Every structure is written in C-alpha cells, then in structure tokens.
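Listed below are the residues making up each chain.
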Amino acid sequence: MSNPRTTTRSASSSLPGETFGTWHADACQIVIAHSALESVIDYSEHDLYRELGGFLLGPVPPSGQRVLEIRDFLPAVATKSRATSLTFTHDTWAAMTREVHDRFPDMNVVGWHHTHPGFGVFLSGYDMFIHRHFFRAAWQVAMVVDPQRKELGFFQWQGDRVVGCGFCCRANDN
Ligand SMILES: [Zn+2]
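Residues numbered from 1 in each chain as written. Predicted model: local features only at pLDDT ≥ 70, side-chain atom pairs only at ≥ 80, totals over all residues.

Caption draft 1: How the structure looks around unusual backbone geometry. Not every positive phi belongs to a glycine, and Ala-78 is a case in point at roughly 60 degrees. Tracing the backbone through its elements, the reader meets Ala-78 in the loop between β5 (72-75) and β6 (80-81). For Ala-78, a count of 14 C-beta atoms within 10 Å translates into the label partly exposed. The phi torsion at Lys-150 lies on the positive side, around 55 degrees, for a residue other than glycine. Structurally, Lys-150 is set in the loop between β9 (141-146) and β10 (151-158). Owing to 14 C-beta atoms within 10 Å, Lys-150 belongs among the partly exposed residues under this scheme. (Helix = DSSP H or I, 4+ residues; strand = E, 2+ residues; numbered from the N terminus. Buried ≥ 20, exposed ≤ 12 C-beta atoms within 10 Å, placed from the backbone.)

Structure below.
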C-alpha cells in the first residue's frame with residue numbers, strides 16, 4: 001500500500017513532496033516523512049480485523065509556524081483492541097512516555113493514529129472523546145487508516161472543531 005488513496009489532490013502547494021487531500025488555508029499543513037508514512041501503513045496492515053493504534057512523533061511547531069512535521073511513528077502497546085474499538089490503557093500511556101523519552105528525546109507526540117479495518121476513514125464519537133481529552137493542542141492531529149479499503153486520512157483542529165484535512169508526504173532525503 002505505497003500509494004495512499006485519497007479523494008482530491010491539491011495542485012498548488014509550496015511544500016516539498018507529494019500532496020494529498022484538501023488544505024485548510026488557516027490551519028497547520030501536515031508534512032509526514034515518507035518513512036513514517038510507510039511505518040504507519042505497514043503497522044496498520046498487521047491486523048485486518050481488529051483496530052490498532054499508535055503515536056505520531058515530531059517537533060512541536062514554533063508559534064506562528066504553519067507546518068506540522070511528522071517524523072516518526074510509535075506503535076501503541078498494551079491496548080485493548082477489538083474489531084471496532086481501541087482503548088489506550090494506563091500502561092499504553094506510560095510505555096509511550098517512556099519510549100519517547102528514551103528513544104526520541106527530541107520529539108513530541110504531535111498526534112495519534114488508529115485503524116478502522118473495513119469501515120472507512122472518519123472519527124467516531126469515541127475517537128472525538130480521545131482527541132478532545134488527550135490531543136487538544138491546536139497543532140495535534142489524528143490519523144485514521146483503513147487497511148482493508150487501503151484508505152487513510154488526517155484530522156486537525158479548526159477552532160473547536162476537528163475536521164478532515166490534506167497532507168504532504170516528504171521524501172526522507174529532502
Ligand atoms: Zn475510530
């Protein structure tokens with residue numbers, strides 16, 4: 001699944017790399033490293049019947065900067081996973097904090113990822129609950145992958161709403 005399928009394609013972007021989806025002019029533009037995108041997709045395909053999840057890592061955008069960079073991906077451990085739900089447990093958060101501290105000391109959790117095997121790319125009411133409570137910084141994003149339909153999408157804050165948005169995939173040697 002090296003070619004993520006998306007709805008529309010932006011023709012005008014000054015960002016380096018390939019862009020997908022619709023941009024919101026007044027929001028951060030998401031730029032994900034190609035290696036991170038591959039990691040997310042590979043991990044998402046590990047289980048086509050139960051939800052998986054993880055964390056998107058990158059630097060916190062300096063204030064005023066309009067680009068959110070995602071440089072790496074960390075699978076979530078100790079989750080409770082079912083066909084249509086995923087729960088991050090206390091151990092999930094503790095392990096994530098430890099891993100980021102030990103392995104990615106220069107990075108922060110800039111968003112989260114989970115899969116919807118076979119039921120499409122959107123945020124459910126429960127997903128919104130997680131996003132509102134744990135990823136409430138204006139620059140934090142959510143990513144949903146459907147590994148059966150081979151679709152993926154990002155969501156970001158726009159005021160107090162969370163909306164679907166486009167992204168740019170940057171080759172790692174840029
Ligand atoms: Zn969900």
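Caption draft 2: View of the sheet that holds strand β1 (residues 18-20). One open sheet holds the four strands; their spatial order is β1-β12-β2-β4, and the pairing between them is mixed. Looking at which strands have only one partner, the edges of the open sheet turn out to be β1 and β4 (67-70). Within this sheet the neighbouring strands show an average axis-to-axis angle of 25 degrees, counted without direction. Summarising the sheet, β1 and strand β12 (residues 167-170) pair through three bridges and their orientation is antiparallel. Pairing of Glu-18 across the sheet is with Cys-169, part of β12. (Pairing = 2+ DSSP bridges. Axes fitted to C-alpha atoms, helices over the stretch in contact; angles between N-to-C directions.)

Caption draft 3: Just the nonpolar core, in detail. In this structure, Ile-30, Ile-32, Leu-56, Val-141 and Met-143 are the most contacted members of the largest nonpolar core, which totals 38 residues. Residues within four places of Ile-30 in sequence aside, it is in contact with Leu-68, Ile-70, Val-141, Phe-154, Cys-165, Phe-167 and Cys-168. (Core = buried A, V, L, I, M, F, W, Y, C linked by C-beta atoms within 7 Å. Contact = placed C-beta atoms within 7 Å.)

Caption draft 4: Region of the structure containing the confidence of the model for the protein. Chain-level statistics for the protein give a pLDDT mean of 89 and a share of 90% at 70 or above. This model gives residues 1-13 a pLDDT under 50, and the stretch forms 20 contacts once residues within four places in sequence are excluded. (pLDDT = per-residue confidence, 0-100.)

Caption draft 5: Seen up close, the sheet that holds strand β11 (residues 161-165). Strand order in the open sheet formed by six strands is β5-β3-β8-β9-β10-β11, with mixed pairing between adjacent strands. Two strands close off the open sheet at either side, each with one partner strand: β5 and β11. Sheet twist, expressed as the mean angle between neighbouring strand axes with direction ignored, is 30 degrees. With six bridges connecting them, β9 and β10 associate as antiparallel partners. Within β10, the position partnered with Val-145 by the bridge is Leu-152. Docked against the sheet, helix α2 (residues 90-103) engages β3 (53-58), β5 and β8 (108-115), running at close to 145 degrees with respect to β5.

Caption draft 6: Quick peek at the environment of Ser-35. Within the secondary structure, Ser-35 sits in helix α1 (residues 34-44). By the C-beta count within 10 Å, which is 14 here, Ser-35 ends up partly exposed.

Caption draft 7: Structural view of the pairing of β9. Summarising burial for β9: six of the six residues are buried, a large majority. In this sheet, β9 lies alongside β8 in parallel orientation, the contact comprising five bridges. Bridged to Gly-111 within β9 is Val-141. Once you follow β8 into helix α3 (residues 125-134) and on to β9, the crossover reads as right-handed. The antiparallel hairpin formed by β9 and β10 contains four residues in its connecting segment, where Lys-150 sits at a positive phi of about 55 degrees. (Right-handed = clockwise from strand over helix to strand, strands pointing away.)

Caption draft 8: Region of interest: α2. For α2, with 14 residues, the first-to-last C-alpha span of 20 Å sits near the 20 Å given by 1.5 Å per residue. The buried fraction of α2 is low, at one of 14 residues. (Expected span 1.5 Å × (residues − 1).)

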